[in-house]
Amino acid sequence: MITNKNNNFISFVDFPKQYVALLEQAVVAVLKSEKVKKYQINFIMVSNQEIKKLNIKYRKVRRITDVISFLVVPELFIGDIYISKNRAQKQAKKYGNTWQQELSYLAIHGVLHLCGYTDYDVENKTKMFDKQDKIFKCLFSRG
């Protein structure tokens, strides 16, 4: 968990400890790009079954997603982001990423949702994924 003088923090529940530093770097990159100065974000790793229950309860959709984000207190930028462990592992293999890279990609995606980006239509999805891919490539470019 990182905390600084502004009482900003990012926490990771049930994530591999060795991945946390890079995940924090990914999250801070998004927050800087979006000029978010004060924040409190909790990342929670859950099963497919748990994320499906969250989708049913809060989004009224009966399916498993890889990530779901909740901006709990918008004026203070306090949010919770749930990531499906099973889905992230499966997608890492599918897209040729390491699990750590896939978790970073999903963390970036989740924070962009907190920032107001959506992926429910082609135009907004394109805008969101362009930003998401740019941040991801900055973190994982080989050079």
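Attention here is on the structure that accompanies the text.

So, how was this worked out
- Residues numbered from 1 in each chain as written.
- Predicted model: local features only at pLDDT ≥ 70, side-chain atom pairs only at ≥ 80, totals over all residues.
- Heavy atoms only, no water.
- Phe/Tyr/Trp six-rings, centres within 6.5 Å; stacked < 30°, edge-to-face > 60°.
- Buried < 20%, exposed > 50% of the residue type's maximum accessible area, 1.4 Å probe, protein only.
- Helix = DSSP H or I, 4+ residues; strand = E, 2+ residues; numbered from the N terminus.
- Expected span 1.5 Å × (residues − 1).
- Core = buried A, V, L, I, M, F, W, Y, C linked by side-chain atoms within 4.5 Å.
- Contact = heavy atoms within 4.5 Å.

Overview of the packing of aromatic side chains
- The full count for this structure, using the stated rule, is seven aromatic pairs.
- Seen in terms of ring centroids, Phe12 and Phe15 are 5.3 Å apart; in terms of plane orientation they differ by 80°. Their pairing is edge-to-face. There is no split in this pair, since Phe12 and Phe15 are both buried.
- Among the aromatic residues, ring-to-ring pairing joins Phe12, Phe15 and Phe43 into one connected group.

Side note on helix α4 (residues 99-114)
- Helix length check: α4, at 16 residues, gives a terminal C-alpha distance of 23 Å against a target of 22 Å (1.5 Å per residue), a fit within 8%.
- With 15 of its 16 residues buried, α4 lies for the most part within the structure.
- Positioned one or two residues after α4, Gly116 has a phi angle of 105°, which is positive.

Considering the nonpolar core
- Val27, Ile41, Phe43, Ile83 and Leu103 are the most contacted members of the largest nonpolar core, which totals 37 residues.
- Secondary structure elements with two or more residues in this core: β2 (9-13), α1 (20-33), β3 (40-46), β5 (78-84), α4 and α5 (122-140).
- Ranked by residue count, the leading element in this core is α4, at nine residues.
- Ignoring anything within four residues of it in the chain, the contact list for Ile41 reads Phe9, Ile10, Ser11, Val27, Leu31, Phe77, Gly79, Ile81, Val111 and Leu114.
- Listed in part, the seven residues of the second largest apolar core include Leu54, Ile68, Phe70 and Tyr82.

By themselves, these are just geometric observations and shouldn't be taken as functional.
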